[in-house]
Amino acid sequence: MTQHGEHNGRIGIEEIVQAQMHLKEVIARTPLQHNRVLSERYGCTVLLKREDLQVVRSFKLRGAYHSIRSLPADKLAKGVVCASAGNHAQGVAYSCQALGIPGKIYMPSTTPRQKVSQVAFFGGAQVEIVLTGDTFDDAYAEAVRECERSGAAFIHPFDDPKIIAGNGTVGKEIMEAAESVPDYIFVTVGGGGLAAGVASYVKAVSPGTVIVGIEPEGAPAMRSALDSGEVVTLETIDKFVDGAAVKRVGDLTYEICKRLLDDVVLVPEGKVCTTLLDLYNENAIVAEPAGALPIAALDAYREAIAGKTVVCIVSGGNNDVDRMQEIKERSLIYEGLKHYFMVNFPQRAGALREFLDDVLGPEDDITRFEYTKKHNKDNGPALVGIELKHRNDYAPLIERMKAKGFQFMELNKDPLLFNLLI
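### Observations concerning the pairing of strand S2 (residues 45–50)
With 5 of 6 residues buried, S2 lies mostly within the body of the structure. As paired strands, S2 and strand S10 (residues 309–314) are joined by 6 bridges and run parallel to one another. Within S10, the position partnered with Leu48 by the bridge is Cys312.

Written as structure tokens, this is what we have:
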């Protein structure tokens, strides 16, 4: 359901230039920063396009504002509607406030309070927030019904030529700010609106620049579409990288990405967590998981990018501080430093003491311990979380457990049990 008529599956450079004219009114021209830590780590020149420093802390304002600003006056007067649990809602809310038009924003009831209050803050008196249903799909269906009732324009989060053109201004700014033509640009793919926009501009002015789309491993909607030769709807996804976890990419974004992206790479969620913590600790950059994806993908391209100029688009920085504990945990598990076991302690006196003295290594740390049978602790299995100092302490730990006759089961290797218990 797009607002802006027919198109031919292409976004022209003139569209993106027009979008940039509109956007001068509201956006910050975000910096393209040389990153010394990453450049040294990968032996190349790494530049970060800091869309996390945008006025709504993500690139989403670009597409939303251009899309809304392009509506005819009679349509604008009826206001706009969108469905989003995240950055798109903030972009639409900010646009409504800036243009003085009414907006209705549908968000799932499960949306964290911090995100709801950000949307209310940016939209002010112009915006009404409606919390409905448990999922984005519920909110989306309700928003579409509202448009049919009121005749308001629906502002799609990614599958719309004006949205894509607005996002394309990120690509235009990169090419204007870079001292030499970038060899590679790494860009997050969720619905595909940012990747399609950036690729539309960059490939038109620099066909030799390699553009790599990055998706989270748990939500490979674009990779699956490209492999199938058509847009597909994924059955289930891991929603952890919330800014990029969609079940289905856009029809228009797919057409553009199929033609213009050189590759689409998947990155494990745990790797994203490690990258996010490194960005914070080494550079004091607060990225959200979707914003850290392109940097997390550099390892996959380590050989190809040596000596080259690489741009990573940090697409957003709306990270909820409440998630940091989970991010740290996922990172440790991914790095092989955190392991969970169900351990059956032998029915003999001092078995637990023996486990602590003879099984745990000198630098291993128990971070969680609980008996699973509350009434019969003597012979019930226990849930044990162990944190290691070094990844290679793992094999000796397993050896010692076997040698001492402890029966155990590794929960890290059983996704179902892991999710139930941890």
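Continuing now.
### Points about the nonpolar core
Ile174, Leu261 and Ile313 are the most contacted members of the largest nonpolar core, which totals 42 residues. Those elements that provide at least two residues to this core are helix H8 (161–177), strand S7 (184–188), helix H9 (193–205), helix H10 (221–228), helix H11 (251–260) and S10. With 7 residues, the single largest contributor to this core is H9. Once you skip the residues sitting within four places of it in the chain, Leu261 turns out to touch Val189, Ala195, Ala199, Ile211, Gly213 and Ile256. In terms of nonpolar packing, the next biggest core, distinct from the first, is built from 34 residues, Phe186, Val265, Tyr301 and Val314 among them.

### Some points on the packing of aromatic side chains
Summed over the entire model, instances satisfying the criterion amount to 14 aromatic pairs. The interplanar angle of 45° and the centroid separation of 5.8 Å between the aromatic rings of Phe136 and Tyr140 together place this pair among those described as tilted. Taken together, the residues Phe136 and Tyr140, both in helix H7 (residues 136–150) and 4 residues apart, mark about one turn of the helix. Residue classification places Phe136 among the partly exposed positions, given a relative accessible area of 34%. Judged by centre distance (5.4 Å) and plane angle (90°), the ring pair of Tyr140 and Phe154 falls under edge-to-face. With a gap of 14 residues between them, Tyr140 in helix H7 and Phe154 in strand S6 (residues 153–154) connect regions that are remote in the sequence. Classification of Phe154 by relative accessible area gives buried; the value is 0%. A cation over a ring is seen here: Arg323 above Phe240, with NZ or CZ 4.8 Å from the ring centre. Above the ring of Phe240, the side-chain terminus of Arg330 is found at 4.2 Å from the ring centroid.

Calculation rules
Residues numbered from 1 in each chain as written. Predicted model: local features only at pLDDT ≥ 70, side-chain atom pairs only at ≥ 80, totals over all residues. Heavy atoms only, no water. Buried < 20%, exposed > 50% of the residue type's maximum accessible area, 1.4 Å probe, protein only. Helix = DSSP H or I, 4+ residues; strand = E, 2+ residues; numbered from the N terminus. Pairing = 2+ DSSP bridges. Core = buried A, V, L, I, M, F, W, Y, C linked by side-chain atoms within 4.5 Å. Contact = heavy atoms within 4.5 Å. Phe/Tyr/Trp six-rings, centres within 6.5 Å; stacked < 30°, edge-to-face > 60°. Lys NZ or Arg CZ within 6 Å of the ring centre and 35° of its normal.

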